[in-house]
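The lines below spell out each chain.
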Amino acid sequence: MLLPRSGEVGRGYMQYILPIALLIVSNIFMILAWYGHLKLQDLGVLQSNTPLYVVILISWGLAFFEYCFQVPANRIGFQGNGGPYTLMQLKVVQEVITLVIFTLFTVVAFRGESLHWNHFVAFLCLIAAVYFVFMK
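Keep in mind that this is a model prediction, so the values were computed, not measured. Counting starts from 1 at the beginning of each chain's written sequence and moves along it residue by residue. Two thresholds apply to this predicted model, a pLDDT of at least 70 for residue-level local features and 80 or more for giving and counting side-chain atom pairs, whereas whole-chain, interface and lining totals are computed over all residues. Working from all heavy atoms in the structure, the side-chain values ignore hydrogens and water.

**Quick look at the overall build of the protein**
Worth spelling out the cut-off: Strands here mean DSSP runs of E at least two residues long; helices mean DSSP runs of H or I at least four residues long; both are numbered from the N terminus. Note on exposure labels: buried denotes an accessible area under 20% of the residue type's maximum, exposed denotes more than 50%, and partly exposed covers the range between, all computed with a 1.4 Å probe on protein chains only. Only heavy atoms enter the contact rule, under which two residues are in contact if any of them lie within 4.5 Å. Here the open area of atoms and residues is found with the Shrake-Rupley method and a 1.4 Å probe, where only the protein chains shown may cover a residue. Under the convention used here, Asp and Glu are negative, Lys and Arg are positive, and both His and the chain ends fall outside the count. Charged side chains are reduced to one point each, which is NZ for Lys, CZ for Arg, CG for Asp and CD for Glu.
Regarding its fold elements, the protein presents 4 helices and 0 strands. When the helices and strands of the protein are listed from N to C terminus, the series reads α-α-α-α. When the backbone C-alpha atoms are referred to their principal axes, the protein occupies close to 60 × 35 × 20 Å. Of all 136 residues assigned to the protein, the portion counted as buried reaches 31%. Summarising the internal contacts of the protein: among those between residues at least 6 apart in sequence, 71% fall at separations of at least 24. With an accessible surface of roughly 8,800 Å², the protein has 72% of that area assigned to carbon and sulfur atoms. For the protein, the centre of its 7 positive side-chain charges and the centre of its 5 negative side-chain charges are spaced 10 Å apart.

What follows is the structure, given as structure tokens:
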């Protein structure tokens, strides 16, 4: 269950929300690390002939911050550490967050990209995945 049941309210909503918030921040850094260099190239900050090792080092620098949020999110959220989520639940939520943030980034940063009907069907499948992974 994504939110606490009535008997679990004493545990506090923050225990449920904090891992999700950390995953959101982590995924923002991940998207920037993986795809931000393409936008920098588009803006002329990086050239298409910029050495690949430079692009990789920039991406690694951003990925460092991704891990600074991803690892605590998983540690805090994992049931084995007193958190509310199973590993499967954490992973499915993380994947959904990744695709939502990626979609927002793509639509905002790369104006030429557009959403089509099949993307919306895929998003419905993701919602179904979250439903099923949290189903008892």
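**Remarks on the confidence of the model for the protein**
Threshold: Note on scores: pLDDT gives the predictor's confidence for each residue, bounded by 0 and 100.
Model confidence for the protein is summarised by a mean pLDDT of 88, while 92% of its residues fall at 70 or above. Ranking the helices and strands of the protein by mean pLDDT puts helix H2 (residues 52–77) first, with 95, and helix H4 (residues 117–134) last, with 89.

**Comments concerning the packing of helix H1 (residues 14–43) against helix H3 (residues 87–109)**
For clarity, the cut-off: In this analysis an axis means a line fitted to C-alpha atoms, helices contributing only their contacting stretch, and an angle means the value between N-to-C directions, from 0 to 180 degrees. When an angle is under 35 degrees it counts as roughly parallel; over 145 it counts as roughly antiparallel; between 65 and 115 it counts as roughly perpendicular; any other value is oblique. Two helices cross in a left-handed way if the nearer one is turned anticlockwise from the farther one by less than a right angle. They cross in a right-handed way if the turn is clockwise. Note that Gly is not counted as nonpolar here; it falls among the polar residues with everything else outside the nonpolar set of Ala, Val, Leu, Ile, Met, Phe, Trp, Tyr, Cys and Pro and the charged set of Asp, Glu, Lys and Arg.
Running from amino to carboxyl end, H1 crosses H3 at an angle of 45°, the nearest separation of the two axes being 9 Å. Of the possible angle classes, the one that applies to H1 and H3 is oblique. Seen from above, H1 lies across H3 with right-handed handedness. From H1, Ile20, Leu23, Ile24, Asn27, Ile28, Met30, Ile31, Leu32, Tyr35, Gly36 and Lys39 reach across to H3, where they touch Leu90, Val93, Gln94, Ile97, Thr98, Ile101, Phe102, Phe105 and Ala109. Of the residues assigned to the contact of H1 with H3, the class counts are 15 nonpolar, 4 polar and 1 charged.

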